[in-house]
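These are the residues of each chain, in order.
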2 protein chains.
Amino acid sequence: MKAIVTVMLKPGVLDPQGRAIGHALETLGFEGVGDVRAGKIIELELAETDAAKAKASAEAMAAKLLANTVIESYRVEVV
Amino acid sequence: MKAIVTVMLKPGVLDPQGRAIGHALETLGFEGVGDVRAGKIIELELAETDAAKAKASAEAMAAKLLANTVIESYRVEVV
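Quick caveat: nothing in here was measured; it's all calculated off a predicted structure.

Participant: I'm lost on the packing of helix α1 (residues 16-27) of chain A against helix α2 (residues 51-66) of chain B in this one. Help?
Facilitator: Packed helices, taken two at a time, are described by their axes: the angle between them and the distance between them. For the pair α1 of chain A and α2 of chain B, the least separation of the axes is 11 Å and the interaxial angle reads 100°. Considered as vectors, α1 of chain A and α2 of chain B are oriented roughly perpendicular to each other. Packed against α1 of chain A, whose contacting residues are I21, A24 and L25 of chain A, the element α2 of chain B presents M61, L65 and L66 of chain B at the interface. Here the contact of α1 of chain A with α2 of chain B is composed, by residue class, of six nonpolar, no polar and no charged.

Right, here's the structure in full:
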C-alpha cells in the first residue's frame, strides 16, 4: 500500500520558507497572494496490505521520524 | 480561496532525501518500507474567489517558481 504523509508547521509557528515564497511570488508580479505555508510530503511504499495497519504504521513513522511534533503537525493518507 | 500545490520529483529522478528517509526508517526498526519519495507542499491563500481562476493562477505560480519542471512535476488543488 502507499502511504502519503503530509507534514506542515503548526499554525502560529513562523514559516520563513513560506514567507520567502510569498515575497518571490509578489516580485514576479503575482497579485492577491496572502499567507503562504510550506511543508513536506513523503510518499511511502509499504509492504503491508491491510489499510488500517498501513496507516497505523505510517503514523508511527511520522511521529518518530518524519515530523517534529513540537512545531509540526502531520496527517497520513493511505491510498 | 486556498490553493495547495504539491511538488514531487518526476519518476526516475534520483531522490536522495527519500532514500535517506527510507534508510533511517529501516534503522529505527520499521519493516516493509519500499520506495520512499520526498516532495514539497505549498499552501497559498489567494484573494481570488473564482475556483477556476484561482487554480489557473496557482498553476502559473507552480510552473514559474514553485516547481523545477525539468525534474519535478506538480499538481494543484483548490479548496
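Participant: What is the right way to look at the relation of the copies chain A and chain B in this model?
Facilitator: Comparison of the two chain copies shows a relationship of rotation about an axis with a shift along it. Once chain A has been moved 0.0 Å along the axis and rotated by 180°, it coincides with chain B to within an RMSD of 0.0 Å. Taken together, the rotation and translation describe the operation of a two-fold axis. It is K40 of chain A whose C-alpha, among those of chain A, lies nearest the rotation axis, at 2.3 Å. A high fraction, 100%, of the interface residues of chain A reappear at the interface in chain B, so the copies pair face to face through one surface.

Participant: Help me out: how do you make sense of the pattern of salt bridges in this one?
Facilitator: Any two side chains of opposite charge can pair if their charged atoms end up close together. Residues and elements named next belong to chain A. Evaluation of the coordinates by the stated rule reveals four salt bridges over all chains. Linking K2 and E43 is a salt bridge whose minimum nitrogen-to-oxygen distance equals 3.2 Å. A residue pair is termed long-range when its members are at least 10 positions apart, and K2 in strand β1 (residues 2-9) and E43 in strand β2 (residues 33-46) qualify at 41 residues. Judged by its relative accessible area of 13%, E43 falls in the buried class.

Participant: Sorry if this is basic, but what is going on with the side chain of E43 of chain A here?
Facilitator: Separated by 3.2 Å, the side chains of E43 of chain A and K2 of chain A make a polar contact. Among all residues touching E43 of chain A, those that are not within four sequence positions of it are K2, A3 and I4 of chain A together with M8, D35, V36 and R37 of chain B.

Participant: Sorry, what's going on with the side chain of R37 of chain B here?
Facilitator: Examined against the element boundaries, R37 of chain B turns out to sit in strand β2 (residues 33-46). Of the side chains with opposite charge, D15 of chain B comes closest to the buried, unpaired R37 of chain B, at an N-O distance of 4.2 Å. Excluding residues that lie within four positions of it along the chain, R37 of chain B makes contacts with I41, I42 and E43 of chain A together with M8, L9, K10, P11, G12, V13 and D15 of chain B.

Rules used in this analysis
- Residues numbered from 1 in each chain as written.
- Chains lettered and ligands numbered in written order.
- Predicted model: local features only at pLDDT ≥ 70, side-chain atom pairs only at ≥ 80, totals over all residues.
- Heavy atoms only, no water.
- Axes fitted to C-alpha atoms, helices over the stretch in contact; angles between N-to-C directions.
- Helix = DSSP H or I, 4+ residues; strand = E, 2+ residues; numbered from the N terminus.
- Parallel < 35°, antiparallel > 145°, perpendicular 65-115°, else oblique.
- Contact = heavy atoms within 4.5 Å.
- Nonpolar A, V, L, I, M, F, W, Y, C, P; charged D, E, K, R; others polar.
- Least-squares fit on C-alpha atoms with pLDDT ≥ 70 in both.
- Salt bridge = Lys/Arg side-chain N within 4 Å of Asp/Glu carboxyl O.
- Buried < 20%, exposed > 50% of the residue type's maximum accessible area, 1.4 Å probe, protein only.
- Polar contact = N/O pair within 3.5 Å; in protein donor to acceptor, adjacent residues only side chain to side chain.
- Lys, Arg positive; Asp, Glu negative; His and termini not counted.

That's the geometry; what it means functionally is another story.
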